[in-house]
Amino acid sequence: MNAMTPIRADETILGTVGERAHAHIIRAHYPDCNDMELAARCDLAAMRDAAMVGVSRASDSASIMLGEVARLAMNAVYAPIPASRLIRIKAALTLTMMAAREVERVQQDG
């Protein structure tokens with residue numbers, strides 16, 4: 001029989017090591033933010049980092065899109081925006097990242 005593993009709240013909201021690294025910086029800027037807002041800001045910071053890496057590796061068309069994702073995510077992470085809007089921004093930037101991946105895939109396939 002498998003024993004139940006206790007899951008702490010910080011592990012469910014801030015899953016990866018990178019997200020936890022961003023959490024300390026974001027908590028310094030927003031000490032009173034709730035867990036949902038912190039998770040959204042950490043996701044945006046991780047998305048910014050991924051987009052910045054992609055800018056240097058992607059083709060011209062995809063790198064333009066990734067550059068915009070990085071710029072908008074960087075601005076949203078530390079902006080005084082409520083959690084509901086941060087989640088919407090994260091969703092829009094996720095779709096833009098997916099579009100950049102598809103552009104890159106189509107250009108590689110020829």
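Student: Can you walk me through the overall build of the chain in this structure?
Tutor: Check the secondary structure of the chain and you find five helices and zero strands. Going from the N terminus to the C terminus, the chain shows its helices and strands as α-α-α-α-α. Residue pairs at least 24 apart in sequence account for 67% of intrachain contacts in the chain once pairs closer than 6 positions are excluded. With the model as given, the accessible surface of the chain reaches about 7200 Å², and the carbon-plus-sulfur share is 61%.

Student: Looking at this structure, I do not really get the confidence of the model for the chain. What am I missing?
Tutor: Low pLDDT means the predicted coordinates in that region are not meant to be read closely. Overall, the prediction assigns the chain a mean pLDDT of 84, with 82% of residues at 70 or greater. The low-confidence segment residues 7-12, where pLDDT is below 50, has one contact with residues more than four positions distant or belonging to other chains.

Student: What's the story with the environment of Ala83 in this structure? I'm lost.
Tutor: Within the fold, Ala83 resides in helix α5 (residues 83-109). The class for Ala83 is buried, based on a relative accessible area of 13%. Along the sequence, Ala83 and Glu37 sit 46 residues apart, while their C-alpha atoms lie 4.6 Å from each other. Apart from residues lying up to four places away in sequence, Ala83 is in contact with Met36 and Glu37.

Student: I tried to follow the pattern of salt bridges on my own but got confused; where do I start?
Tutor: Opposite charge on two side chains makes pairing possible when the charged atoms of those side chains draw close. Enumeration according to the criterion identifies seven salt bridges in this entry. Between Arg105 and Asp109 there is a salt bridge, and its shortest N-O distance comes to 3.3 Å. Pair noted here: Arg105 and Asp109 are both in helix α5, with a separation of four residues, about one helical turn. Assessed through its relative accessible area of 59%, Asp109 is described here as exposed. Salt bridges linked by common partners bring Glu102, Arg105 and Asp109 together as one network.

Student: For this particular structure, what's the right way to read the packing of helix α3 (residues 35-57) against helix α4 (residues 60-77)?
Tutor: Axis angle and axis distance: for two packed helices, these are the angle between their axes and the distance between the axes, and together they describe the pair. Running from N to C, α3 and α4 point in directions that differ by 150°, and their axes come no closer than 8 Å. Comparing their axes, α4 and α3 come out roughly antiparallel. Judged by the sense of rotation from one axis to the other, the crossing of α3 with α4 is left-handed. Listed contacts from α4 to Arg41, Leu44, Ala45, Met47, Arg48, Ala51, Met52, Gly54 and Val55 of α3 are Ser63, Leu66, Gly67, Val69, Ala70, Ala73, Met74, Ala76 and Val77. In terms of residue class, the contact of α3 with α4 is made up of 13 nonpolar, three polar and two charged.

What counts and what doesn't
- Residues numbered from 1 in each chain as written.
- Predicted model: local features only at pLDDT ≥ 70, side-chain atom pairs only at ≥ 80, totals over all residues.
- Heavy atoms only, no water.
- Helix = DSSP H or I, 4+ residues; strand = E, 2+ residues; numbered from the N terminus.
- Contact = heavy atoms within 4.5 Å.
- Areas by Shrake-Rupley, 256 points an atom, 1.4 Å probe, with all protein chains shown as cover.
- pLDDT = per-residue confidence, 0-100.
- Buried < 20%, exposed > 50% of the residue type's maximum accessible area, 1.4 Å probe, protein only.
- Salt bridge = Lys/Arg side-chain N within 4 Å of Asp/Glu carboxyl O.
- Axes fitted to C-alpha atoms, helices over the stretch in contact; angles between N-to-C directions.
- Parallel < 35°, antiparallel > 145°, perpendicular 65-115°, else oblique.
- Left-handed = near helix turned anticlockwise from the far one by under 90°.
- Nonpolar A, V, L, I, M, F, W, Y, C, P; charged D, E, K, R; others polar.

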